[in-house]
Amino acid sequence: MKPDRLRTFIDDVGLVVSSTDDEHEITARVAELLSALLAGGYRLPVEATRASSARHVTYPLYIAPDDSWLMASVVWDVGQRTGVHSHETWGVAGIYAGVEHEFRYLKPTASTAGTPLTPAGETRWAPGQVTVCCTTDDDVHAVAAVGSEPTVGIHVYGGNIGTIKRRSYDLATGETQWFVSGWDNPEDVPRDAQ
């Protein structure tokens, strides 16, 4: 994809984010834009597709100057799985390569504290498919890379996900711990891990 089409995507998402505070409207519109970006042949820089054998990695691709939204590449090596976690913001994810298996859970409430998380379904996402991965009212999941190649996703979030305080959940008890994921640098991932 030509750089001007990526610039158009960035400009269009910026317009959506600045036009409304309704997360459901934002995610629906951003999902359409991300679907078009993937269908239009957008190619990630090779370094943004590099997997790590230690854990999944998240590379920033674009962060809005006001931190109102961002675009990132998230890469899982074959067989890797995240813990159950939240995002604390809206998010849209599109599969660039590989297959992602998503496991959703009901968001715990005060009345369900101390009990196992309740499964809310699972889906396999293939290249070119786009999903609303989260809104602040529906935001508990885990994902795994399945198949024979690393899974690479292009994610668009309503804030700087590398600096947002988020929750991890214990599947058996629903207990939460807070974390900040930070960002990964492709230069820190060995080239033979690809």
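Note on numbering: residues in each chain are counted from 1, in written sequence order. Totals for whole chains, interfaces and linings use every residue, but because this is a predicted model, local features are given only for residues with pLDDT of at least 70 and side-chain atom pairs only at 80 or more, for both listing and counting. Calculated side-chain values reflect all of the structure's heavy atoms, with hydrogen atoms and water omitted.

A. Just the overall build of the chain, in detail. Secondary structure summary: the chain contains two helices and eleven strands in total. From first element to last, N terminus to C terminus, the chain shows the α and β order α-α-β-β-β-β-β-β-β-β-β-β-β. Radius of gyration here uses only the C-alpha atoms, and the compact-globule reference equals 2.2 Å multiplied by the residue count raised to the power 0.38. For the chain, the C-alpha radius of gyration of 16 Å lies close to 16 Å, the compact-globule estimate for 194 residues. A 1.4 Å probe and the Shrake-Rupley method give the accessible areas. Residues count as covered only by the protein chains that appear here. Approximately 9300 Å² of the chain is accessible, and the part contributed by carbon and sulfur atoms is 52%. Lys and Arg are tallied as positive, Asp and Glu as negative. Neither His nor the chain termini are counted. Think of each charge as sitting on NZ of Lys, CZ of Arg, CG of Asp or CD of Glu. Counting 15 positive and 26 negative side-chain charges, the chain places the centres of these two groups 4 Å from one another. Put simply, DSSP marks the helices as runs of H or I at least four residues long and the strands as runs of E at least two long, and each gets a number from the N terminus on.

B. View of the sheet that holds strand E7 (residues 130-134). Pairing between two strands requires that DSSP report at least two bridges joining them. Spatial strand order, E1-E2-E9-E4-E7: five strands in an open sheet with antiparallel pairing. Pairing within the sheet leaves two strands with one partner each, and these edge strands are strand E1 (57-63) and E7. Shown here is a sheet whose adjacent strand axes are inclined to one another by a mean of 25°, direction ignored. As paired strands, strand E4 (residues 91-97) and E7 are joined by four bridges and run antiparallel to one another. Residue pairing in the sheet places Ala 93 in a bridge with Thr 131 of E7. Helix axes are fitted only over the stretch in contact, all axes being lines through C-alpha atoms; the angle between N-to-C directions runs from 0 to 180 degrees.

C. Layout of the packing of aromatic side chains. Aromatic rings from Phe, Tyr and Trp, with only the six-membered ring used for Trp, were paired whenever their centres fell within 6.5 Å, and each pair was classed as stacked if the ring planes differed by under 30 degrees, edge-to-face if by over 60, and tilted otherwise. Summed over the entire model, instances satisfying the criterion amount to one aromatic pair. Between Tyr 62 and Trp 69 the ring centres are 5.0 Å apart and the planes differ by 40°, which places this aromatic pair in the tilted class.

D. Summary view of the pattern of salt bridges. The term salt bridge refers to a pairing of a side-chain nitrogen on Lys or Arg with a carboxyl oxygen on Asp or Glu at a separation within 4 Å. Following the criterion strictly, the structure yields six salt bridges and no others. Among the ionic pairs, Asp 138 bridges to Arg 104, the shortest N-O distance being 3.8 Å. Of this pair, Asp 138 sits in the loop between E7 and strand E8 (141-146) while Arg 104 sits in strand E5 (residues 99-105), placing them 34 residues apart in sequence. Accessibility expressed as a relative area gives 39% for Asp 138, which makes it partly exposed. To sort residues, take the accessible area from a 1.4 Å probe on protein chains only and compare it with the maximum for the residue type: under 20% means buried, over 50% means exposed, and anything in between is partly exposed.

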